[in-house]
Amino acid sequence: MLRVHFTAEDLARVRVAPGPDPMWEILLSLHVLRQRSATPTFGTWRANVRTTLPDDTRWLMQLAPPVGYSPDFLTPTAGACALDDGIDAVLSTPVESLRSDLAQLDGHRLDPRTHLLASGDVATLDSLGDALRAYHQHALAPIWAEVRAVVDAERAVRARSFLDGGCEGMLSALHPTISWAPPVLSIESRFPQRDVHLRGQGLVLLPSYFCWERPIMLRDQRLCPVLVYPIARDMHVTSAGKRSLEALLGRTRAAALVVIAGGCTTTELARRLGISAASASAHASVLRDAGLAVAQRHRNSVLHTASALGVELLA
């Protein structure tokens, strides 16, 4: 059991990450590649990736055992959406942290590069960065639009949960393995009981496409507290569902609804879709008139969000 202890200040500082975190999705997808129990959900993806994975990325599997500890330095960000920023953060890990994290992999057969990595060898760190980037390009980039779509939809669900039940209501409804008994959030775990005291830092909630079965947290409590939890699998947007939505709404308008589900301004919608601001405004207006979206003026811009009907349609 993992027990997360909140203060009143922590509850005020709970937030949902702005989007999928590439570094967490890299790590957790590496777990899925080696977990046969994940086959019913990720079978097609696993089969495609496992048979075509470039040799220079297979080293990463050793750094991410499917069971037990994976080095905390591989996931230094908390919902940062830029791959390059995440990789830069990994490569900037202090040598002491590299050594400490990798020492906890004792018992596993380690590639010689792992020992060099623990010493902070610059060439090996560069090799790690190249492997992370190549793996993301090969395994995740082809499905990243889907990853973002389901995470955006999950964010919309959490926003509505917060509006209906406040922060505590949102926490208690995160996942079936999570229970809330103020001031402690309890999470079922395979490992011995561990207590995490937030001490006013708050908590970042990070919905994940590849998080499988149970929520997880970093072991190193000196890092930003992040709770990574699985998205609801019934919100998984299959390729057939995506085609059906596009057939119903049209490709651009369907994509607009996906973006709006995560909340965005007209300018952000235009940028994400690669269209003009006028076109983005027109698409948002049609969705709003159909009852699939809601618009509200916020300062000098208009914030678009999906309505309950829009979220149900995406799901």
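In the block above lies the structure referred to throughout.
About the criteria used
- Residues numbered from 1 in each chain as written.
- Predicted model: local features only at pLDDT ≥ 70, side-chain atom pairs only at ≥ 80, totals over all residues.
- Heavy atoms only, no water.
- Pairing = 2+ DSSP bridges.
- Helix = DSSP H or I, 4+ residues; strand = E, 2+ residues; numbered from the N terminus.
- Contact = heavy atoms within 4.5 Å.
- Axes fitted to C-alpha atoms, helices over the stretch in contact; angles between N-to-C directions.
- Expected span 1.5 Å × (residues − 1).
- Buried < 20%, exposed > 50% of the residue type's maximum accessible area, 1.4 Å probe, protein only.
- Polar contact = N/O pair within 3.5 Å; in protein donor to acceptor, adjacent residues only side chain to side chain.

A. The arrangement of the sheet that holds strand β6 (residues 203-208) in detail. Within the open sheet, the four strands sit side by side as β2-β6-β8-β7. Their pairing is mixed. Edge positions in the sheet fall to β2 (14-16) and β7 (216-217), since each has one partner strand and no second. Across two bridges, the pairing between β7 and strand β8 (residues 226-230) is antiparallel. Residue pairing for β8: M217 is matched across the bridge by L227. Strands in contact with helix α2 (residues 22-33) are β6, β7 and β8; relative to β6, the strand with the most contacts, it is inclined by about 55°.

B. Just α2, in detail. End to end, α2 covers 16 Å across 12 residues, agreeing with the expected 16 Å (1.5 Å per residue, within 8%). Counting buried positions along α2 yields 12 of 12 residues, so the element is predominantly enclosed. Of all the residues in α2, the buried ones are P22, M23, W24, E25, I26, L27, L28, S29, L30, H31, V32 and L33. If you check the start of α2, you find a side-chain oxygen 2.9 Å away from the backbone N of M23, and it comes from D21.

C. Representation of the sheet that holds strand β5 (residues 194-197) within the structure. Strand order in the open sheet made by the four strands is β3-β4-β1-β5, with mixed pairing throughout. Of all the strands in the sheet, the pair left with one neighbour each is β3 (178-181) and β5. Neighbour to neighbour, the strand axes of the sheet diverge by 20° on average, direction disregarded. Summarising the sheet, strand β1 (residues 2-5) and β5 pair through four bridges and their orientation is parallel. In the strand pairing of β5, H5 is matched with H197. Packing of helix α9 (residues 144-172) onto the sheet brings it into contact with β3 and β4 (184-187), and relative to β3 it is tilted by some 145°.

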